[in-house]
Amino acid sequence: MDIPKVEIRKSLLPLSWLYGTVVSFRNWLFNKNILKQRSFSIPVICVGNITAGGTGKTPHIEYLIRLLSPKFKVAVLSRGYKRKSKGFLIVDTNSNVRNVGDEPLQIKKKFPDTLVVVDKNRVNAIEKIMSIEKEERPDVILLDDGFQHRHVRPSLSIVLADCNRPVFEDRLLPAGLLREPLKSIDRASVVVVTKCNPDMQPIDFRIYSNGLNLYPFQELFFTTFDYDKLSPVFPELHPEVVSINDLRKKHLFLVTGIASPEPLVRKLEYKTYNLYTMFFSDHHNFTRKDIQSIENMVNSVEDENKIIVTTEKDAVRFRDLAYLPENIKNIMYYLPVRVTFLNNKERITFNKKIVEHVRNYKTNSRLS
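Rules of the game
- Residues numbered from 1 in each chain as written.
- Predicted model: local features only at pLDDT ≥ 70, side-chain atom pairs only at ≥ 80, totals over all residues.
- Heavy atoms only, no water.
- Axes fitted to C-alpha atoms, helices over the stretch in contact; angles between N-to-C directions.
- Helix = DSSP H or I, 4+ residues; strand = E, 2+ residues; numbered from the N terminus.
- Parallel < 35°, antiparallel > 145°, perpendicular 65-115°, else oblique.
- Left-handed = near helix turned anticlockwise from the far one by under 90°.
- Contact = heavy atoms within 4.5 Å.
- Nonpolar A, V, L, I, M, F, W, Y, C, P; charged D, E, K, R; others polar.
- Pairing = 2+ DSSP bridges.
- Phe/Tyr/Trp six-rings, centres within 6.5 Å; stacked < 30°, edge-to-face > 60°.
- Buried < 20%, exposed > 50% of the residue type's maximum accessible area, 1.4 Å probe, protein only.
- Lys NZ or Arg CZ within 6 Å of the ring centre and 35° of its normal.

Turning next to the packing of helix α2 (residues 57–68) against helix α4 (residues 102–110). The contact between α2 and α4 brings their axes to 11 Å, and the two run at 30°. On the basis of the axis angle, α2 is roughly parallel to α4. Where α2 crosses over α4, the handedness of that crossing is right-handed. From α2, Thr58, Ile61, Glu62, Ile65 and Arg66 reach across to α4, where they touch Glu103, Gln106, Ile107 and Lys110. A per-class count over the contact of α2 with α4 returns 3 nonpolar, 2 polar and 4 charged.

Below, the structure written as structure tokens:
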């Protein structure tokens, strides 16, 4: 496997230097305790990144929910990116995407017993969560995309890095996609390289390990995505699921509003001879004009054996559209993803570390 080449907009490097100066100064203020951080008596596991763009935070949050919920009461705290509402809100399975955001609603629908809340002010949100009656209060909070929100001091930080865009080859915004300098990874206890090719070779692992140059106290893991059967976006119209291996003879139209659709494209290219794509920006709100463009693309193929595929996150937004025509609804499916570790020994080590962190943190909090 060749290490992917990172495209840098070199003409913007002077602006990246200015941006880096501001970010580094802000981090210095936190490190010197001039800007205050809050710690809490509940374990707060932060899942974040140092890049702008998708690293797979939501699937990894879902992995942690599956891991922890059999043993602990879990809460997920998200900003609720692009939501139209303000302040603290508890997400319900019947919530509106516009009010709570697509990813929090996706998580709540998949894990209805999990407390999911949105609030830009994470300190305020955690205080409200801690005020819940003791019997209902969660045992652990998963902080979604909170690595740069330094007003909260997490008990454990997990940083995700996209294998397809090596952070050690990247540059700060706007020339690259780094939200803060690579050295900021030093604040994390765990680093996970995501979206890896399952066929990665030992030399590839060494390249990433050397490039990240982690401290001995930090642990490095590698994950990829597994894809479940295609599920209907509108199961009330057609409840049947479709195996991803049954797509060979279908005309497949991939429509996404995510940051990096490339791994999904690579997966589907091997499953069909006829793949058509239409990509929108991350968290895109689909307009009537967008829907018309999708419909035109689908209608351009006269064969009736066709299917629209989107992501879970996009499916949540599509279900909220009152102007989505029936002919589109009837052939629209989403492809669920699950995080898997490339190495089973790594999976066992990671799971043990997370579970013991929550259990020991709770024990220490009771003793203090």
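Moving on, we come to the sheet that holds strand β13 (residues 332–335). Reading across from one edge, β9-β13-β12-β10-β11 is the order of the 5 strands in this open sheet, with mixed pairing throughout. A single partner strand is all that each edge strand has here, and the edge strands are β9 (231–232) and β11 (274–279). With 2 bridges connecting them, β9 and β13 associate as antiparallel partners. Looking across to β13, one finds that Pro232 is bridged to Tyr333. Most of the contacts of helix α8 (residues 288–299) go to β11, to which it runs at about 165°, and overall it touches β10 (251–256), β11 and β12 (306–311).

Here the focus is the packing of aromatic side chains. Using the criterion set out here, one finds 13 aromatic pairs in the structure. Measuring from ring centre to ring centre gives 5.8 Å for Tyr215 and Phe217, while their planes differ by 15°; the resulting arrangement is stacked. Since its relative accessible area comes to 42%, Tyr215 is described here as partly exposed. Seen from their ring centres, Phe286 and Phe318 are 4.2 Å apart, and the 15° between their planes marks the pair as stacked. Of this pair, Phe286 sits in the loop between β11 and α8 while Phe318 sits in helix α9 (residues 312–318), placing them 32 residues apart in sequence. The residues Phe286 and Phe318 share a single accessibility class, namely buried. Chaining the aromatic ring pairs together yields one cluster made of Tyr63, Phe221, Phe341 and Phe350. The ring of Phe88 carries Lys128 above its face, with NZ or CZ at 5.7 Å from the centroid.

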